[in-house]
Amino acid sequence: MHENQGKFEHVFDNKLNETPQLHLVIISNGPLNEAEHYNSNLRKLGFLLKSTRVETLQELSGKLEAEQYDIALCSLPELPTAVQEAIQIITRSGQKIPVIGMMEEDTGVSAGEVLSAGAIDAVLKEDFVHLKLSVKREFNYLRMVRANDLLKTAYFESEKRSQTLLSSSRDAVAYVQEGMHVHTNQAYLELFGLQSLDDILGTPLMDMVTTDNHQKLKQFIREHREGDGATQSISLTFQNTAGEEFKGTIEFTRTTIEGELGTQIIIRNRADSKELNRQIQELVQKDPLTGLYTRQHLLKVLSEAIHQASNNIKAASCSLFLIHLESFDSGNLADIPLQIKDNLLKAIAEALQSSKQDDEVFCILDEATIGLINPATDDKAINERARSLQKIIADQTVNHEQDPLNTPASIGVCIIDESTKETHDALSRAQRALSKALAKGQSTRIYRPKPGELTQRQLDQQWIKRISTALKSDHFIIRYQPIISLSNSECERYEINPLLADSPGKEVTQSVFSPIALRTGMARGIDRWVIYRAFSLLTEKLQDKTLTVFFIPLSEAALNDPELFRWIKQLLKQFQLPASSVVFQFSEESVLKHIKHARAIVSALRKIDCKICFDHFGAEANPFRLVRHVPVDYLKIHTSFMEELSENRENQQVIEAISEKAHRFGQTTIASGINDAESLSVLWGLGVDLVQGDFLQETTIEMNYDFTAMMA
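It should be emphasised that the depicted structure is a prediction, and the values quoted were computed from it without experimental measurement.

Break down the overall build of the protein chain for me, citing the residues and quoting the values.
Counting its secondary structure elements, the protein chain contains 23 helices and 27 strands. For the protein chain, buried positions account for 46% of its 712 residues. Here the contacts in the protein chain between residues at least 6 apart in sequence split such that 64% fall between residues at least 24 apart. Per element, the accessible surface of the protein chain, about 37100 Å² overall, is 48% carbon and sulfur.

In structure tokens:
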């Protein structure tokens, strides 16, 4: 009596999509470098490998008491006997570890003897291809078995939760087969004045509605049965055992009941629904941490105020304050525990709410910004309120390690009047005022529109037309910057960067037009132009027999483009390009904002052998947490870590740590933004694989870098 298939698939997929972590035990009393040979070859499989070497079976017994292992490689002399004894020790420990026998040539021991002793496979010590295939096969099987065990556990836990939720639900829930009740919860019984489940088992659902609703219910059931299985609802008049009538809505959902098809029904009493909807609406509109209204509510109130002003209902209806908590965005609280920061934000929110004046609405926009709709429209009242808010915020403190913490605030204000046409205009104007206020710190600025100033919508329309024309007329151009290996020059690598060149002598860089394109919905078109142009150029390059890889930066919009993967796949086939010559590059920030969609498209692209790179990597507090969720091939380290690299030991340590961990995950690291020779010389010793920057070569319209120069 549940619909848990999707949940189980989600659990199963999560288990399979985790970064594989293989814990290997190597049973060998041979040379130490033997185990290292096994390790170095198995790391190439992409597993996060951890291995333990034991020299005797007695030592193995001790290790099994303390640790869990996935696979054992047995490389002891007298191999069949050693394998048999190792399996006996493993069985006594309670672990299930497949054993692979590592054979030497010309010892007289056959693979059949090793397999007969219980080994899962017999592999020659120098046959690393066979070893990798065997380990990969067994480890993937182990992961499937463990995922299946997890699935079973999740299933039974879900059964328990379903029964608990059903019993405690305030909604009246019942399950029906062939029109008869087979199960209900207590709320359903109480709704109809029944005492126990026995009073309703086998009772037709039709008996629960008034006579004049029978035909209506029959018709609905027939249509639901013939439909696509989606949840459907109908309003009816019900009747309880005392003959009392009441109106309500009944929802029908197909389900399985003990393996057979049936229907789940939920009856919602209209009187209760109104109160429930009111409570839900209240919860949806409030931020759970601060108790302030959300951004969506602010936009709703702001939209109404703009409507009043633009229709001359009020000449100036209110003002929008953007209150920026400076310490939250400046890094001053970077090392402070999240709970302490949350406590400070909560204290500020509570204090602001306590100071709330008539018709004021406080909303939380992000961790560092609070919005306020204030009825004041003249400068004096606005500045007085701003000063009082800044004092209230500064007075809120929390203690951390016996030190008081607080934050100053700067405020940008936009008056809502007839020149404000849309909510985006108001937010944009208030943000411009805030930027000026932040420049001086702890100040307040009021936005003043200039005569004839275009609204944000008008500006965006101009950009939409400009970008559309550029795409149709091929006014975008590609510039290239080489990405150079510090160890070899087996291929040429270039990052490609589009520029808008629709005016003679003027080029608009990607950093300028990308945010506008994303906001106006034009980013998808630019992404597709860039991909098509890159594939075309790459085809020409490969015809010259030059092994070339293109790094293609894509916008945040690409993560939400449902047709992009299919289009890329068709385009690769059209151009007959090897997918491995293409690296699609996404910013770490974009992926974090759209992690669900990112996982889907990254997984699909990697399955057809395209490579993925995360740009601006390492800025987050725990960057490799993202990599575990969305596995990639390249990590381009954030350019901020390249600043004064030769003198900044802390940045050097960060880069070295990222490189070391990336290599354990089987990823290649790129240091970008290199602007001096000193930084390059430092990077040689930090484990970075590839380098990029203006010092090596600025972006150019030609692919003319000499990749052999670094090796000379």
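Explain the environment of Gly-618 to me, using residue names and the numbers behind them.
Note on placement: Gly-618 falls in the loop between strand E24 (611-617) and helix H21 (623-629). Residue Gly-618 is classed as buried on the basis of its relative accessible area of 10%. In this structure, the C-alpha to C-alpha distance between Gly-618 and Ile-658, residues 40 residues apart in sequence, is 7.6 Å. The residues contacting Gly-618, other than those within four sequence positions of it, are Glu-588, Pro-623, Phe-641 and Ile-658.

Outline the pairing of strand E7 (residues 180-184), listing residues and values.
Summarising the sheet, strand E6 (residues 172-177) and E7 pair through four bridges and their orientation is antiparallel. From the neighbouring strand, Tyr-175 faces E7, where its bridge partner is His-183. With antiparallel pairing between neighbouring strands as the criterion, E6 and E7 make up a hairpin whose turn holds two residues, including Glu-178 at a positive phi of roughly 50 degrees.

So, a negative patch on the surface: which residues are in play, and what are the values?
A cluster of acidic residues, Glu-105, Asp-106, Glu-126 and Asp-127, forms a negative patch at the surface. Structurally, Glu-126 is set in the loop between strand E5 (121-124) and helix H6 (128-168).

For the side chain of His-224, give the residues involved together with the corresponding values.
In this fold, His-224 is placed in helix H8 (residues 214-226). At 2.9 Å, the side chain of His-224 and the side chain of Gln-232 are in polar contact. Not counting residues up to four positions away in its chain, the partners in contact with His-224 are Ala-230, Gln-232, Phe-252, Thr-253 and Arg-254.

Now, about the pattern of salt bridges: what can you tell me, with residues and values included?
Across all of its chains, the model carries 18 salt bridges by this definition. Where Glu-138 meets Arg-137, a salt bridge forms, and the shortest distance between an N and an O atom there is 2.9 Å. Using a relative accessible area of 9% as the deciding quantity, one classes Glu-138 as buried. For Arg-137, a relative accessible area of 41% translates into the label partly exposed. Through salt bridges with shared partners, a single ionic network connects Asp-121, Arg-137 and Glu-138.

Describe unusual backbone geometry, listing the residues and the values that go with them.
Phi is positive for Asp-474, close to 60 degrees, though the residue is something other than glycine. For Gln-576, which is not glycine, the phi dihedral falls at a positive 55 degrees. Topologically, Gln-576 is positioned in the loop between helix H18 (564-575) and strand E23 (582-587). Gln-576 gets classed as exposed once you look at its relative accessible area, which sits at 72%.

So what's going on with the packing of aromatic side chains? Which residues, and what values?
Applying the stated criterion across every chain yields a total of 16 aromatic pairs. Centre to centre, the rings of Tyr-480 and Tyr-494 are 6.1 Å apart; their planes meet at 75 degrees, and the pair counts as edge-to-face. Of this pair, Tyr-480 sits in strand E18 (residues 476-482) while Tyr-494 is found in strand E20 (residues 492-503), placing the two residues 14 residues apart along the sequence. Of the two residues, Tyr-480 and Tyr-494, neither departs from the other in class, the shared state being buried.

Could you give an account of the packing of helix H17 (residues 523-543) against H18, with specific residues and numbers?
Taken N-terminus to C-terminus, the directions of H17 and H18 make an angle of 20 degrees; their axes are 11 Å apart at the nearest point. It follows that H17 is roughly parallel to H18 by the angle criterion. Note on packing geometry: the crossing formed by H17 with H18 is right-handed. In contact with Arg-528, Ile-531, Tyr-532, Phe-535, Ser-536 and Thr-539 of H17, H18 contributes Leu-564, Trp-567, Ile-568, Leu-571, Leu-572, Gln-574 and Phe-575. When the residues that make up the contact of H17 with H18 are grouped by side-chain class, the tally is nine nonpolar, three polar and one charged.

Got a sec to walk through the sheet that holds strand E1 (residues 21-27)? Specific residues and values, please.
If you walk across this open sheet you meet the five strands as E2-E1-E3-E4-E5, and the pairing is parallel. Lying at the two open borders of the sheet, with one neighbouring strand each, are strand E2 (48-54) and E5. Neighbour to neighbour, the strand axes of the sheet diverge by 25 degrees on average, direction disregarded. Relative to E2, E1 is paired through seven bridges, and the arrangement is parallel. Pairing of Val-25 across the sheet is with Thr-52, part of E2.

Quick one: what's the story with the pairing of E6, residue by residue and with numbers?
Summarising burial for E6: six of the six residues are buried, a large majority. Neither face of E6 is exposed, since Ala-172, Ala-174 and Val-176 on one face and Val-173, Tyr-175 and Gln-177 on the opposite face are all buried.

Describe helix H16 (residues 510-520), with residues and values.
Those residues of H16 not exposed but buried are Phe-513, Ile-516, Ala-517 and Thr-520. For H16, the angular spread of buried residues about the axis comes to 100 degrees, placing them on one side. At the C-terminal side of H16, Gly-521 shows a positive phi close to 80 degrees.

An account of the nonpolar core is requested, with residue identities and associated values reported.
Core analysis: the biggest nonpolar cluster contains 76 residues, and Phe-535, Ile-552, Phe-584, Leu-683 and Val-691 have the highest contact counts within it. It is H17 that contributes the most residues to this core, nine residues altogether. Phe-584 has contacts with Ile-531, Phe-535, Ile-552, Leu-554, Ile-568, Leu-605, Cys-610, Lys-611, Ile-612 and Cys-613, leaving out every residue within four places of it along the chain. By size, the runner-up hydrophobic cluster in this structure holds 32 residues, among which are Ala-351, Ile-370, Leu-389 and Ala-409.

Could you give me a rundown of helix H20 (residues 595-607), with the residues and numbers involved?
Compared with an ideal rise of 1.5 Å per residue, which puts 13 residues at 18 Å, H20 spans 18 Å between its outermost C-alpha atoms and is within 8% of the ideal. Within H20, burial applies to Ala-598, Ile-601, Val-602, Ala-604 and Leu-605. The buried side chains of H20 occupy one side of the element, clustering within an arc of 160 degrees when seen end-on. Exposed side of H20, more than 90 degrees from the buried face: Lys-596 and Lys-607 are the residues found there. Those residues of H20 that are buried are in contact with H18, E23, helix H19 (588-593) and E24. Looking one or two residues beyond H20, the residue adopting positive phi is Asp-609, at roughly 80 degrees.

Account for the packing of helix H10 (residues 295-310) against helix H14 (residues 423-440), with residues named and values stated.
For the pair H10 and H14, the least separation of the axes is 9 Å and the interaxial angle reads 105 degrees. Taken together, the axis directions place H10 and H14 in an arrangement best described as roughly perpendicular. Contacts from Arg-295, Leu-298, Leu-299, Leu-302, Ser-303 and Ile-306 in H10 reach Thr-423, Ala-426 and Leu-427 in H14. When the residues that make up the contact of H10 with H14 are grouped by side-chain class, the tally is six nonpolar, two polar and one charged.

For the state of the cysteines, give the residues involved together with the corresponding values.
A complete count under the given rule lists zero disulfides for this structure. Free of any disulfide, Cys-318 has its nearest neighbouring cysteine sulfur in Cys-414, separated by 8.9 Å. On the basis of relative accessible area, Cys-318 is assigned to the buried category, the value being 5%.

Rules used in this analysis
Each chain has its residues counted from 1, running along the sequence as written. For this predicted model, a pLDDT threshold of at least 70 governs which residues receive local features, and a threshold of 80 or more governs which side-chain atom pairs are given and counted, while totals over whole chains, interfaces and linings are taken from all residues. Neither water nor hydrogens contribute to the side-chain values; these are computed over all heavy atoms in the structure. Secondary structure is summarised from DSSP: a helix means a run of H or I of at least four residues, a strand means a run of E of at least two, and numbering begins at the N terminus for each. Buried residues are those whose accessible area, probed at 1.4 Å on protein chains only, stays under 20% of the maximum for their type, while exposed residues exceed 50% and partly exposed ones sit between those limits. For this analysis, residues touch if any pair of their heavy atoms sits within 4.5 Å. Note on areas: Shrake-Rupley, 1.4 Å probe, and residue coverage restricted to the protein chains presented here. Only when DSSP finds a minimum of two bridges between them are two strands counted as paired. Within the patch definition used here, like charges are joined within 9 Å and nonpolar side chains (Val, Leu, Ile, Met, Phe, Trp, Tyr) within 5 Å, considering only residues with over 30% relative accessible area and no salt bridge. We define a salt bridge as a side-chain nitrogen of Lys or Arg found within 4 Å of a carboxyl oxygen belonging to Asp or Glu. Charged residues are defined here as Lys and Arg on the positive side and Asp and Glu on the negative side; His and the ends of the chain fall outside this count. One atom stands in for each charge, and that atom is NZ of Lys, CZ of Arg, CG of Asp or CD of Glu. In the analysis that follows, any N or O atom pair within 3.5 Å is treated as a polar contact, provided that within protein one partner can donate a hydrogen and the other can accept it, and provided that, for residues neighboring in sequence, both atoms belong to side chains. For Phe, Tyr and Trp, rings pair up if their centres lie within 6.5 Å, where Trp contributes its six-membered ring, and each pair is then called stacked (planes under 30 degrees apart), edge-to-face (over 60) or tilted (otherwise). Fitted lines through C-alpha atoms give the axes, limited to the stretch in contact for helices. The angle between two N-to-C directions lies from 0 to 180 degrees. Roughly parallel covers angles under 35 degrees, roughly antiparallel covers those over 145, roughly perpendicular covers 65 to 115, and oblique covers all other angles. Less than a right angle of anticlockwise turn of the near helix away from the far helix marks a crossing as left-handed, whereas a clockwise turn marks it as right-handed. Ten residue types, Ala, Val, Leu, Ile, Met, Phe, Trp, Tyr, Cys and Pro, are classed as nonpolar, four, Asp, Glu, Lys and Arg, as charged, and the remainder, Gly among them, as polar. Note that the arc is defined by the directions from the helix axis to the C-beta atoms. Within this scheme, the nonpolar core is defined by two criteria: the residues are buried Ala, Val, Leu, Ile, Met, Phe, Trp, Tyr or Cys, and they are joined through side-chain atoms within 4.5 Å. To estimate how far a helix should extend, the number of its residues minus one is multiplied by 1.5 Å. For the purposes of this analysis, a disulfide is any pair of cysteine sulfur atoms at a distance within 2.5 Å.

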